[in-house]
Amino acid sequence: MADSPLVWWRRQGLRFRLTVAAAAVLALALAVSASVLLSVLDRALIDTVDESTRQQAQAVRVAADAGTLTSPITTHDGTIVQVIDAQGRITHVTYGTDRLVPLLDERARAKVLSHGQATLVDGRPYAIPGFLRVIVLRADHGQTVIAARPISEIQTSLGTAGRVLLVGTPALIVLLAVASWLMIGRTLRPITALRRGAADITHTARSRRLPVPQSRDEVHSLATTLNDMLARLEDAEQRQRALVSDAAHELRSPLASIRLQLEVALGHPDGQDWQETAEGVLEDTMRLSRLAEDLLALARLDERGGVPARREPVDLDEVVRQTVDRYAEARLTVCDPVVVRGDALDLSRVLTNLMDNAARHTTSKVEVALTADGVLTVTDDGPGIPEQDRERVFNRFTRLDSGRSRDEGGTGLGLAIVRETVRAHGGTVVLEDAAPGLRAVVRLPVSP
């Protein structure tokens, strides 16, 4: 089954369609312009002939009224003139004009006189080639002046102009089509370069970028936007690869510990303290479980693209009270009623991670405060974090040396989860010096 014209048209290239559309619009415009030009030119030339003929007729009428007509009548532009008396006889004519048959009979003369406009008469019955523009004026004593002028020259001029337009218009259309084809091709050349550049980008050449044209146009903006997208994709891929590498490194340590303990226990079953072995394996298993939960939490945050799982009113003060009650060393100093929009479980995890970090490093106590403007602070009196490291600890799998030296050290994902979750809820989190200790400050938008 053959494709419809619309389907065929859509399958053509952009360069072809733009060229054809431009040529079609130009052809229509030139056709209309040529038609208007010929029409206006014809009207202007006819009006000029009518005006000249009327002037000659006026001059003859004045002479007829004064009785000074010559025979034959002399005209300077070849106008044909007949003067008819009241009895319908031709009394005066220009040289070579018929003296017996008027150009217009009595009825036709009366009609022309009634509307006062020139009329068109075929001159061939009067041995005059072509058509004539005829003017009729009434003179004194019942006389009538008929003045006519051939318009064959006008028709010849219009025919010549029409033939010129008929030949020149297609040539102009073809010329414009060729120019449009070249110009559109030059305009689309940067897009072709973008396509070829995109085809060259593979998994082995992911750091390459698309060529950016020098012109500050839409193609330049498109290339810049695509390069920014490629940079974001490359950054996301690098972070994903780093996460996988770090996760594999973190998983290898507890798995190796579990395997070693089990191999030793199985190799020396008689001298093995199975209770101690079970406790060691359980500790490493719990470490694996915490790491898996943190990785799953990060994966869900990345999958949602920085958007909370739910957006519903959450009584943040209730979440804070319930979380603080689980820590013996924690003390709630201020807890104003605060309502935010988001996910209660995610917000509870934020406070839990902050409390775990504070409890792990504090010397004596952890203070928690929630003010009415949505500011949540968790303060410990431990060794704190140097100022140059306070931003770095929010990176994934980042743990300072003091944290690694503790047997109960975390997975290095807690603060990363905190920042991603707080950002998803439209807030911010920073670490400040508590002198002594460290203060984590979370700011969340309060719901009215």
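The shown structure was predicted, so the numbers you read here are calculated from the model rather than taken from an experiment.

The subject of this paragraph is the overall build of the protein chain. A count of helices and strands for the protein chain gives 10 helices and 12 strands. In terms of C-alpha radius of gyration, the protein chain reaches 50 Å, well past the compact-globule figure of 22 Å for 448 residues. Within the protein chain, residue pairs in contact and separated by at least 24 positions form 58% of the contacts whose partners lie at least 6 positions apart. Entry remark: accessible area of the protein chain is about 26900 Å², with carbon and sulfur atoms responsible for 57%. A gap of 11 Å separates the mean positions of the 53 positive and 57 negative side-chain charges of the protein chain.

If you trace the backbone, Thr362 turns up in the loop between helix H8 (344-361) and strand S9 (366-370). Owing to a relative accessible area of 16%, Thr362 belongs among the buried residues under this scheme. Here the side chain of Thr362 touches Asp381 through a polar contact of 2.5 Å, side chain to side chain. Apart from the residues within four sequence positions on either side, Thr362 is in contact with Glu329, Asp380, Asp381 and Gly382.

Moving on, we get to the environment of Pro72. Within the fold, Pro72 resides in the loop between helix H2 (14-66) and strand S1 (80-84). Owing to a relative accessible area of 35%, Pro72 belongs among the partly exposed residues under this scheme. The sequence separation of Pro72 and Thr97 amounts to 25 residues, and the corresponding C-alpha distance is 9.2 Å. Excluding residues within four positions of it along the chain, Pro72 makes contact with Val93, Thr94 and Tyr95.

Once that is clear, we can look at the nonpolar core. Counting 33 residues, the largest nonpolar core has Leu316, Val320, Leu354, Met355, Val368, Val378 and Leu431 as its most contacted members. Sorting the residues of this core by element identifies helix H7 (316-324), strand S7 (330-335), H8, S9, strand S10 (375-380), helix H10 (414-424), strand S11 (428-433) and strand S12 (438-443) as the ones contributing at least two each. Apart from residues lying up to four places away in sequence, Val368 is in contact with Val320, Val324, Arg331, Leu332, Thr333, Val334, Met355, Leu376, Thr377 and Val378.

Detailed reading of the predicted coordinates is not advisable wherever pLDDT falls low. When pLDDT is averaged along the protein chain, the result is 82, and 94% of the positions lie at 70 or above. Averaged pLDDT values for the elements of the protein chain fall to 45 in helix H9 (residues 401-404) and rise to 91 in S12.

Okay, H7 next. Along H7, the positions that sit buried rather than exposed are Leu316, Asp317, Val319, Val320, Thr323 and Val324. An end-on view of H7 places all buried positions within 160° of arc, on one side of the element. Among the structural elements, strand S6 (312-315), S7, strand S8 (339-342), H8, S9 and S10 are those in contact with the buried residues of H7.

The accessible area lost on association of the parts is a frequent measure of interface size. Considered domain by domain, the protein chain is made up of domain 1 (12-153), domain 2 (237-301) and domain 3 (308-441). Taking only C-alpha atoms into account, the centre of domain 1 sits 102 Å from that of domain 3.

What follows deals with the packing of H2 against helix H4 (residues 152-200). H4 packs onto H2 with a crossing angle of 160° between their chain directions and a minimal axis gap of 9 Å. In terms of their interaxial angle, H2 and H4 are classed as roughly antiparallel. Every pair of crossing elements has a handedness; the one defined by H2 and H4 is right-handed.

Conventions adopted
- Each residue is numbered by its place in its chain's sequence as written, counting from 1.
- For this predicted model, a pLDDT threshold of at least 70 governs which residues receive local features, and a threshold of 80 or more governs which side-chain atom pairs are given and counted, while totals over whole chains, interfaces and linings are taken from all residues.
- Only heavy atoms go into the side-chain values, all of them from the structure, while hydrogens and water stay out.
- Note on conventions: DSSP H or I runs of at least 4 residues are helices, E runs of at least 2 residues are strands, and numbering of each starts at the N terminus.
- Atoms considered for the radius of gyration are the C-alpha atoms alone. The globule rule reads 2.2 Å times the number of residues to the power 0.38.
- Contacts are assigned to residue pairs that have any heavy atoms within 4.5 Å of one another.
- To measure how exposed things are, a 1.4 Å probe is used in the Shrake-Rupley method; for residues, cover is taken only from the protein chains shown.
- Positive charge is attributed to Lys and Arg, negative charge to Asp and Glu, and no charge count is given to His or to the chain ends.
- Here the site of a charge means NZ on Lys, CZ on Arg, CG on Asp, or CD on Glu.
- Throughout this description, buried means an accessible area under 20% of the type-specific maximum (1.4 Å probe, protein chains only), exposed means over 50%, and partly exposed covers the range between.
- N or O atoms closer than or at 3.5 Å make up a polar contact, with two conditions inside protein: a donor-capable atom paired with an acceptor-capable one, and, for residues adjacent in sequence, both atoms drawn from side chains.
- Here, the term nonpolar core denotes a set of buried Ala, Val, Leu, Ile, Met, Phe, Trp, Tyr and Cys residues that are joined through side-chain atoms within 4.5 Å.
- Values of pLDDT, which run from 0 to 100, indicate the predictor's confidence residue by residue.
- By construction, the arc corresponds to the directions joining the helix axis to the C-beta atoms.
- The start and end points of each domain follow an automatic or database-based domain assignment.
- In this analysis an axis means a line fitted to C-alpha atoms, helices contributing only their contacting stretch, and an angle means the value between N-to-C directions, from 0 to 180 degrees.
- Our angle categories are set so that under 35 degrees counts as roughly parallel, over 145 as roughly antiparallel, 65 to 115 as roughly perpendicular, and the remainder as oblique.
- Crossing handedness is read from the near helix: turned anticlockwise from the far helix by less than a right angle, it gives a left-handed crossing, and turned clockwise, a right-handed one.

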